[in-house]
Amino acid sequence: MATQTTASCTGSTLLQPISEIINLPVDQVNFVACQLFALLMAVWFRLYLHPSKTSPFIRHVVATLLGFYLALFCFGWYSLHFLVQSGLSYSVMVFVGLEHMHKYCFIVTLGYLILCQITRVYVFDYGMYSADFTGPMMVITQKITSLAFEIHDGETVIPVRMPSLLEYLSYNCNFMGILAGPTCSYNDYMAFIDGTCYQPRHQENANGKENGKYKQIEPSSKNDVISKLCTCAVSLGIYLSLCKLLPVEHSINDDFVSSTPFHLQVIYLYLAMLALRPKYYFVWTLADAINNAAGFGFNGYNKDGSPRWDLISNLRILDIEFATSFKMFLDNWNIQTALWLKRVCYERCHINPMAATFLLSAMWHGVYPGYYLTFLTGIAMTMAARAVRHNIRPYFLVSDSHKRIYDVVTWAGTQVAISYTVAPFVLLAVGRSLKFYRSWYFCLHLLCLLVVVALPVKSRRQQAKEPRDGLKDNRTELDSTDNNCNQKDKAT
């Protein structure tokens with residue numbers, strides 16, 4: 001066990017004895033230790049390198065150097081890929097014209113990420129579930145492409161200037177987000193570094209109107225950080241307690257499939273996915289807490305005057321676990337990635353943007369066949385969910401009791417659909433994924449096909465066109481009425 005763990009680690013083995021004691025891979029121990037170190041550094045960064053005490057240059061340098069140190073500790077020389085990817089994309093930004101910069105930057109950055117994923121999976125270690133160097137590269141890819149699109153769109157939207165090399169590396173590789181993100185807007189990050197993200201804001205009275213008083217310039221993130229760390233502790237405890245008791249792989253065990261009634265297989269898969277999600281809750285919530293502790297993530301004030309620290313939050317746990325639709329689940333899971341996909345693909349693709357977005361998400365995640373099976377299934381699930389919502393939901397809105405029944409049924413259906421969709425994402429290999437689908441008789445694929453055929457939904461363009469057509473009809477009616485009135489006036 002120890003030899004295998006050491007072999008799969010690309011970073012420091014300093015914490016190897018601890019990993020053997022708690023029976024976890026050393027690279028995962030390195031990741032958690034580095035994130036806890038980053039949390040301490042975030043507090044120090046806000047107290048001693050505050051914008052009022054330190055220049056933006058020093059804040060950029062320190063944030064970048066700490067980020068490189070954490071990357072080297074976790075991934076060793078593989079962390080050089082972060083610099084290569086950032087350097088290639090920066091060269092594209094400098095030498096390619098503004099009109100096509102975002103396109104070439106997107107191709108180069110995503111292409112380099114995919115190349116690294118191919119080598120990691122098919123050259124080094126297929127099926128490695130531990131922390132790997134392409135994880136941070138996924139976040140860096142989001143940041144690079146977001147910045148390129150922001151600069152390109154700056155002529156018509158919010159102006160974004162070309163960053164210096166130091167600003168660029170600080171944005172991509174700062175210690176707060178180098179290991180687990182999340183991605184963020186370049187303008188938001190620069191406002192944090194410059195100290196301009198805490199502008200005074202009007203307080204609101206009970207009626208929601210400004211009362212002329214101003215909030216304090218810099219709100220405290222202490223309560224939110226403590227709350228998020230408590231969430232991390234609970235999530236980690238649940239994951240470590242249940243992950244080995246309810247492995248997803250058991251759902252394709254021949255003895256389990258042959259001896260277990262189908263409805264119990266469904267329940268087991270749901271519980272296995274329920275036990276797996278706290279791992280992501282822990283990682284993303286801890287990353288959010290680190291950024292908040294450094295003073296990054298302030299998003300204004302609630303109506304009661306309390307500060308909001310959810311600018312770059314990546315999930316809403318209760319909305320995930322009690323989601324009553326496929327869309328609601330996706331909207332609250334990996335939020336910053338969903339926003340990135342919307343900005344760079346969904347809003348810009350003119351041919352089937354939904355399918356294109358799912359395909360891009362699969363490419364970004366990696367090269368395992370299970371990823372592509374998950375996101376292709378996600379397309380079918382989304383189409384079926386839209387059809388059900390548009391055609392069936394209105395019949396249950398006639399009363400509160402009917403609405404509650406609809407919510408309970410759709411919650412159960414959503415959880416089963418998510419579990420069925422995500423199973424190949426966890427199983428990774430195409431053989432095991434197809435074995436899972438066969439054990440379920442491809443039932444949800446067939447059900448989605450039946451729903452989509454029986455309950456068609458208008459495309460986004462048709463839905464957008466209808467109000468315009470209705471507006472034209474109304475204008476024609478009004479013009480016709482005006483003409484009739486004019487003729488009557490002339491006749492009299």
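Since the structure is predicted, the reported quantities are computational estimates derived from the model, not experimental observations. (Residues numbered from 1 in each chain as written. Predicted model: local features only at pLDDT ≥ 70, side-chain atom pairs only at ≥ 80, totals over all residues. Heavy atoms only, no water.)

> Please set out the nonpolar core residue by residue, giving values where relevant.
In terms of nonpolar packing, the biggest core is built from 90 residues, with Phe 82, Met 93, Leu 147, Phe 175, Ile 178, Tyr 189 and Phe 192 touching the most fellow members. In contact with Ile 178, other than residues within four places in its own chain, are Gly 67, Leu 70, Ala 71, Phe 82, Pro 136, Ile 140, Asn 172 and Cys 173. (Core = buried A, V, L, I, M, F, W, Y, C linked by side-chain atoms within 4.5 Å. Buried < 20%, exposed > 50% of the residue type's maximum accessible area, 1.4 Å probe, protein only. Contact = heavy atoms within 4.5 Å.)

> How would you explain the environment of Pro 278 if you had to name every residue and give the values?
By the element assignment, Pro 278 lies in helix α12 (residues 262-293). In the structure, Pro 278 is positioned 38 residues away from Leu 240 in sequence and 9.1 Å away in space, judged by C-alpha atoms. Residue contacts for Pro 278: discarding those within four places in its chain leaves Ser 235, Ile 238 and Tyr 239. (Helix = DSSP H or I, 4+ residues; strand = E, 2+ residues; numbered from the N terminus.)

> A description of the UniProt feature "transmembrane region" (unreviewed entry) in the protein should follow, citing residues and the corresponding values.
With numbering matched to this structure, UniProt assigns "transmembrane region" (unreviewed entry) to residues 29-49, 61-81, 101-123, 371-388, 408-427 and 439-457. Between the end C-alpha atoms of residues 371-388 there is a gap of 25 Å, over a span that is 100% helix and 0% strand. Helix and strand shares over residues 439-457 are 68% and 0% respectively, and the end C-alpha atoms of the span are 30 Å apart. (UniProt positions renumbered as here; feature names shortened; annotations may be inferred.)

> Please provide a residue-by-residue account of the packing of aromatic side chains, values included.
Evaluation of the coordinates by the stated rule reveals 38 aromatic pairs. With a centroid separation of 6.1 Å and 25° between ring planes, the pair formed by Phe 329 and Trp 333 is classed as stacked. Residues Phe 329 and Trp 333 agree in their burial class; the two are buried. Ring geometry for Tyr 420 versus Trp 440: centroids 5.4 Å apart, planes at 55°, classification tilted. One end of the pair, Tyr 420, is in helix α18 (residues 400-427); the other, Trp 440, is in the loop between α19 (430-439) and α20 (443-454), and 20 residues separate them in sequence. (Phe/Tyr/Trp six-rings, centres within 6.5 Å; stacked < 30°, edge-to-face > 60°.)

> Hey, could you go over the packing of helix α16 (residues 353-365) against helix α17 (residues 369-391) for me, with residue numbers and the actual values?
The description of two packed helices rests on the angle between their axes and on the distance between the axes. At a closest axis distance of 9 Å, the pairing of α16 and α17 adopts a crossing angle of 155°. The angle between α16 and α17 falls in the class roughly antiparallel. The interaxial crossing formed by α16 with α17 has right-handed handedness. For the pair formed by α16 and α17, the contact residues are Met 354, Ala 355, Phe 358, Leu 359, Ser 361, Ala 362, Met 363 and His 365 on the first element and Tyr 371, Tyr 372, Phe 375, Gly 378, Ile 379, Thr 382, Met 383 and Arg 386 on the second. When the residues that make up the contact of α16 with α17 are grouped by side-chain class, the tally is 11 nonpolar, 4 polar and 1 charged. (Axes fitted to C-alpha atoms, helices over the stretch in contact; angles between N-to-C directions. Parallel < 35°, antiparallel > 145°, perpendicular 65-115°, else oblique. Left-handed = near helix turned anticlockwise from the far one by under 90°. Nonpolar A, V, L, I, M, F, W, Y, C, P; charged D, E, K, R; others polar.)

> Got a sec to walk through the environment of Ala 287? Specific residues and values, please.
Secondary-structure assignment places Ala 287 in helix α12. Along the sequence, Ala 287 and Gly 177 sit 110 residues apart, while their C-alpha atoms lie 6.9 Å from each other. Not counting residues up to four positions away in its chain, the partners in contact with Ala 287 are Gln 35, Ala 180, Gly 181 and Pro 182.

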